[in-house]
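Survey of secondary and tertiary structure
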Amino acid sequence: MIVKDPNLPRTKPPKRSAVLVRIGGFLQDRFSLEEDREDEAGVIQSISRGIEFRGISLWTLIFAIFIASIGLNVNSTAVIIGAMLISPLMGPIMGIGLGVGINDLTMIGRALKNLGLAVFISLLTSTAYFLISPLHIAQSELLSRTSPSVWDAFIAFFGGLAGIVAGSSRDKVTNVIPGVAIATALMPPLCTAGYGLSTGNLYYFAGAFYLFLINSVCISLATLLMVRFLGYHQKEYPTPEIERRVRSTIWMAVLVVVVPSSYLGSQLVRKTIFEQKAKQFVTNECNFQYRQLINYTAYFNRGDGSVLELSLVGEPLPKDSINLLRSKMPPYGLENTQLVVRQGNFKDAPIDVDAIKTTVTDQVIKYSQASIARKDHEIDSLRRYIDLTQTSRLSVADLRNELKTLMPDVQTFTASRSLVMNGNKETPDTVMLVYAKFSRKHTRAERLRIEKWLQSRTKSKKIKLLIE
């Protein structure tokens, strides 16, 4: 037993506010970026140096475009990743965000000019490659860059944050910038836009170039926010009037870029949500008997003109079933979406042949597997029945001769194993069915004697004896 000394001073538990202060101090110490603000001039100089496209950087960009175009053409993910690592496109994009963050109109102008040059060279190079390439089929890696989603914007934004934080570090974390280049994927969309120009497919060009713009704006915005958060010094001008004019020009340019981007971003979010709802509806509700859904397409429009198009093969879906499908759409948030069902006639609708082949092949494989499993079950049942009949095959003549020794008055005799169905059971019982005709009537004791002999002789627990 421990006895406390009453003369010792009592220690009071720390107050709740003190504990919170300690926790806050610990978190601030861990997440603080104050140490890296000392190298502000070095960070600005490094980003400013990466803005320029001339000499080595320009040739590196051209070679990276060729590599990325080849990777998209042959559908090689590894080649595309290598091209993104080589690409120097991050420099001018981060330069725009840094210029806005420190009110440097000259840096913004240089960054925009060099970014425009890089985009022009990239489109020219990729278009030239796809014009001379013998491969003209759009592979999956290329098609994935034609339909931007809201997740691409999030990736670019957080990638831009990681890039500027790593760039502002005194230790210069070397593996962050290559990772940001891979994650944000600036190079493949420009090459895909070049493919769209070379093939005359404006849909591919618009989708891919829109993806590049989204990534660029989000990276620049992330750089701007982080520069302001780190408290970089604003550029000083000779007079307040010049400074005010420069800031007005910068923010006017920012509004010109941000407002359309915000609108397009909101539409992108709505489009992604609509596509997710359409996919959920198709997965849960479009399971039909005697017909197969081979493809579906969700067309999003800003108003109430969104369309969900189903392509079916097999027996035609009745009009009542189509109306029932339409009635199930409101719970999925598709009440203002038009449902179009195409059944067997695809003249006016582009159909993905590869998707049809894959779907039909999967269905054939599933049906074949189910059919094989069913036949295997039947074969096993028949094999067990054959084994049962073979192992318990009876010699009726021998049984009759042995019974004649016990009951000399037997005249007719037969025995066989039979399946008997009872009224309350789903499975049959196996019973030894025996029929015998005697010249005289037997007592109950004699019948029991015959049944016990049959059970012992045939090794059957259930005997059904019919005596005439």
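Before going into details, it helps to say that this report is about the structure given with it. (Residues numbered from 1 in each chain as written. Predicted model: local features only at pLDDT ≥ 70, side-chain atom pairs only at ≥ 80, totals over all residues. Heavy atoms only, no water.)

Next up on the list: the overall build of the protein chain. Of the regular secondary structure elements, the protein chain holds 16 helices and six strands. By residue count, 35% of the 468 residues in the protein chain fall in the buried class. Residue pairs at least 24 apart in sequence account for 72% of intrachain contacts in the protein chain once pairs closer than 6 positions are excluded. When the accessible surface of the protein chain is split by element, carbon and sulfur atoms take 60% of a total near 29,000 Å². (Helix = DSSP H or I, 4+ residues; strand = E, 2+ residues; numbered from the N terminus. Buried < 20%, exposed > 50% of the residue type's maximum accessible area, 1.4 Å probe, protein only. Contact = heavy atoms within 4.5 Å. Areas by Shrake-Rupley, 256 points an atom, 1.4 Å probe, with all protein chains shown as cover.)

This brings us to the environment of Ser-418. Position of Ser-418 relative to the elements: it lies in strand 4 (residues 410-420). Separated by 15 residues in the primary sequence, Ser-418 and Leu-433 have C-alpha atoms spaced 6.4 Å apart. With near-sequence residues (within four places) excluded, Ser-418 lies in contact with Asp-429, Thr-430, Val-431 and Leu-433.

The next point concerns the sheet that holds strand 1 (residues 291-299). Across the sheet, which stays open at both edges, the three strands sit in the order 1-2-3 with mixed pairing between neighbours. Single-partner strands in this sheet number two, and they are strand 1 and strand 3 (338-343). Here the strands of the sheet are splayed against their neighbours by 20° on average, with no regard to which way each runs. For strand 2 (residues 307-314) and strand 3, the ladder comprises six bridges, and the chain directions are parallel. By the bridge assignment, Leu-312 is partnered in strand 3 with Gln-343. Contacts from helix 13 (residues 319-327) reach strand 2 and strand 3 within the one sheet, and its direction differs from that of strand 3 by about 145°. (Pairing = 2+ DSSP bridges. Axes fitted to C-alpha atoms, helices over the stretch in contact; angles between N-to-C directions.)

Once that is clear, we can look at the packing of helix 8 (residues 150-167) against helix 11 (residues 202-230). Packing of helix 8 against helix 11 leaves a shortest axis separation of 7 Å and a crossing angle of 40°. Classified by the interaxial angle, the pair formed by helix 8 and helix 11 is oblique. Relative to helix 11, helix 8 is oriented so that their crossing is right-handed. Here Asp-152, Ala-153, Ala-156, Phe-157, Gly-160, Leu-161, Ile-164 and Val-165 of helix 8 come into contact with helix 11, specifically with Leu-211, Ile-214, Asn-215, Cys-218, Ile-219, Leu-221, Ala-222, Thr-223, Leu-225, Met-226 and Val-227. Here the contact of helix 8 with helix 11 is composed, by residue class, of 15 nonpolar, three polar and one charged. (Parallel < 35°, antiparallel > 145°, perpendicular 65-115°, else oblique. Left-handed = near helix turned anticlockwise from the far one by under 90°. Nonpolar A, V, L, I, M, F, W, Y, C, P; charged D, E, K, R; others polar.)

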